[in-house]
Amino acid sequence: MLNVIFLILYVFTSSFFSGTTLYALSTIHLLICVVIHLRQKNSLITPIFIFYIGVIIVNIANIALISKIGTVNYKTYSYILPKYIDDAAKIWCISSILFVMGYQFFINKSLPAIDFELKKKIIIQNLFWILVIINTLSLLGHGINLRGTQVGRIFGMVNSIGILFYARLWASENNKTYRFYALSLFVMETYIALTTSFLRFELILPTFYLFAGYFIGKGHVKYIFSYRIIPLLLIVMLFSSVFSSLQSNRSNFISVFNEENNQGGANDNSSALLDRSANVAQITNIVNLVKQNGFYNGRASAPILTALIPRALWPDKPLIQLGTWFALEIGAAYKAENGRVNNSINMTVAGELYLDFGWIGVVVGSFLFGAFIALLWNSTKFYSSEYNISGTIFGGYLFILSIGSYADLQIVITLISTYLIFFVIKKIVRAT
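Each chain has its residues counted from 1, running along the sequence as written. Where local features are concerned, this predicted model is filtered to residues with pLDDT of at least 70; where side-chain atom pairs are given and counted, the filter is 80 or more; whole-chain, interface and lining totals use all residues. Derived side-chain values reflect all non-hydrogen atoms in the structure, with water molecules and hydrogen atoms excluded from consideration.

Estimates place the volume of the second largest pocket at around 430 Å³. Grid points spaced at 1 Å over the protein atoms alone were grouped into cavities, where a 1.4 Å probe fits but cannot get out, and pockets, open sets with protein on both sides within 12 Å along at least five of seven lines, with lining residues defined by an atom within 4 Å of a point. In this structure, the second largest pocket is lined by 22 residues; those nearest its centre are His37, Thr46, Ile48, Tyr103 and Ile107. Every element with two or more residues in the lining of the second largest pocket is listed here: α1 (2-13), α2 (19-38), α3 (47-68), α4 (85-105) and α15 (349-380). Any residue that is not Ala, Val, Leu, Ile, Met, Phe, Trp, Tyr, Cys, Pro, Asp, Glu, Lys or Arg is counted as polar, Gly included; the first ten are nonpolar and the last four charged. For the lining of the second largest pocket, the residue count by class is twelve nonpolar, nine polar and one charged. Grid points are joined across faces, edges and corners, and a volume is the space filled by probe spheres set on the points. Note on conventions: DSSP H or I runs of at least 4 residues are helices, E runs of at least 2 residues are strands, and numbering of each starts at the N terminus.

See below:
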């Protein structure tokens, strides 16, 4: 009922409420959802809870970015179109609430389960040492390049979310060995991210998985609101303080922390992370494209269909790069002589649905997308056992996607293919 009330408010007040007011209204709605979630008897960390937090952050970032328009501090996302802010806010807020409604409507439904457990301690120990060896080879420059393949994606998930797996065991069993495993992988992957990663977000991922695993292992969301959260807050504050400087040190982030005089961008750093969380610029440009060209009727999302064709059958299959296509389409990028595009901007699921199919796409698509995430989450049986390795890996992946509020519809194909791989793995394990 709460969601229906706020949906009605968005629909009937958006014609005279400003975009800033709609973002604020959405924030109030989701804060109420957070409180309701926390008051449940067995309140657990789930994708929908993380989605609430993620959308709240986006809303606050949008409000902050809008407030900078026309000021000397307005630098980031200069491609924002102020005249379409109100439309963008309406699209985002209605899409978000319909996602929540779709998720909650299918909260007790599931795809076939993909869970299987690693109960033998020797296997858990060997998995840790395998990850250590592979990470060590990567640090030494001898890592296996599996980028762009399904095997690479699964291995990357096991490697990163292995931190969450061991941290969860550490917290649930108060086991010092698992604590050593979790912290060792955390240190190694953080260092690898500092020295080799291109995306700034990858730098904070090991921290997210470490604390997520720990709090999940504690068995209740209430532990997040205790002194245990202080180290995480300090790391996030440090990350935020150098976020803008990291932009010019890609693939060598560690140099930012090694520089003795890294003060030039101090003012920019203070709000760069929050600005980066905003999506109002993307969606205002979505509205502009529709005003200029009409709805795309599926053309924007059509490249996703090529992902359904195995590369074994189509060796020269082009990469799906919706972000670069969108950046070119709105004039926020250019293609170099070597054919590479210098920028990539996500459309957001809400924006892509609106661009292709208008309000029908937003309403139906957002509801179904929320339902889809619920079905996937329930298939993990995440809380059935701390030793549920496949459920932990895939569930952890859903966590990280939820905090980002999902970039675009390309993620649907990724989720389907990843789910199918885990489903097949479970069948193989059961058969042996």
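Here the narrative resumes, following the displayed structure.
Here we take up empty space enclosed by the protein. Under the definition given, this model contains one cavity of 30 Å³ or more. Its volume calculated, the largest cavity comes out at about 90 Å³. Lining the largest cavity are Phe51, Trp92, Ser95, Ser96, Phe99, Val349, Ala350, Ser366, Phe369, Ser405 and Tyr406. Elements represented by at least two residues in the lining of the largest cavity include exactly α4 and α15.

Right, let's talk about the nonpolar core for a bit. Residues Tyr166, Phe394, Tyr397 and Leu415 are the most contacted members of the largest nonpolar core, which totals 121 residues. A per-element tally of this core places α4 first, with 13 residues. Side-chain atoms within 4.5 Å are what join buried Ala, Val, Leu, Ile, Met, Phe, Trp, Tyr and Cys residues into a set we call a nonpolar core. To sort residues, take the accessible area from a 1.4 Å probe on protein chains only and compare it with the maximum for the residue type: under 20% means buried, over 50% means exposed, and anything in between is partly exposed. Counting five residues, the second-largest nonpolar core is a separate cluster that includes Ala193, Leu194, Ile204 and Phe239.

Before going further, it helps to spend a moment on the packing of helix α8 (residues 201-218) against helix α9 (residues 230-241). Each axis is a line fitted through C-alpha atoms, taken for helices only over the stretch in contact, and angles between the N-to-C directions span 0 to 180 degrees. Where α8 meets α9, the closest approach of the two axes is 11 Å, and the angle between their N-to-C directions is 170 degrees. On the basis of the axis angle, α8 is roughly antiparallel to α9. Contact residues: α8 offers Leu203, Ile204, Thr207 and Phe211, while α9 offers Pro231, Leu232, Ile235 and Phe239. Looking at the contact of α8 with α9, its residues break down into seven nonpolar, one polar and no charged. Roughly parallel means an angle under 35 degrees; roughly antiparallel means over 145; roughly perpendicular covers 65 to 115; every other angle is labelled oblique. In what follows, a contact means two residues having at least one pair of non-hydrogen atoms within 4.5 Å.

Paired rings are identified among Phe, Tyr and Trp, the last through its six-membered ring, by centres lying within 6.5 Å, and are further divided according to the angle between planes into stacked (under 30 degrees), edge-to-face (over 60) and tilted (the rest). Under the defined criterion, the tally for this structure stands at 29 aromatic pairs. Seen from their ring centres, Phe128 and Trp129 are 4.9 Å apart, and the 65 degrees between their planes marks the pair as edge-to-face. With relative accessibility at 1%, the residue Phe128 sits in the buried group. Counting every residue linked through ring pairs, the aromatic cluster contains Phe128, Trp129, Phe165, Tyr166, Tyr178, Phe180 and Tyr181. Against the face of Tyr223 rests Lys218, its NZ or CZ located 6.0 Å from the ring centre. Note on geometry: a ring has a charge over it if NZ (lysine) or CZ (arginine) is within 6 Å of the ring centre and within 35 degrees of the ring normal.

This part covers the confidence of the model for the protein. Scored by pLDDT, the protein has a mean of 84; 84% of the residues are at 70 or more. Element-level mean pLDDT values for the protein span from 50 in helix α11 (residues 254-258) up to 96 in α15. What pLDDT conveys is the predictor's confidence in a given residue, as a value from 0 to 100. Long-range and interchain partners of residues 260-267, a stretch whose pLDDT sits below 50, account for three contacts in this model, where long-range means more than four residues apart.

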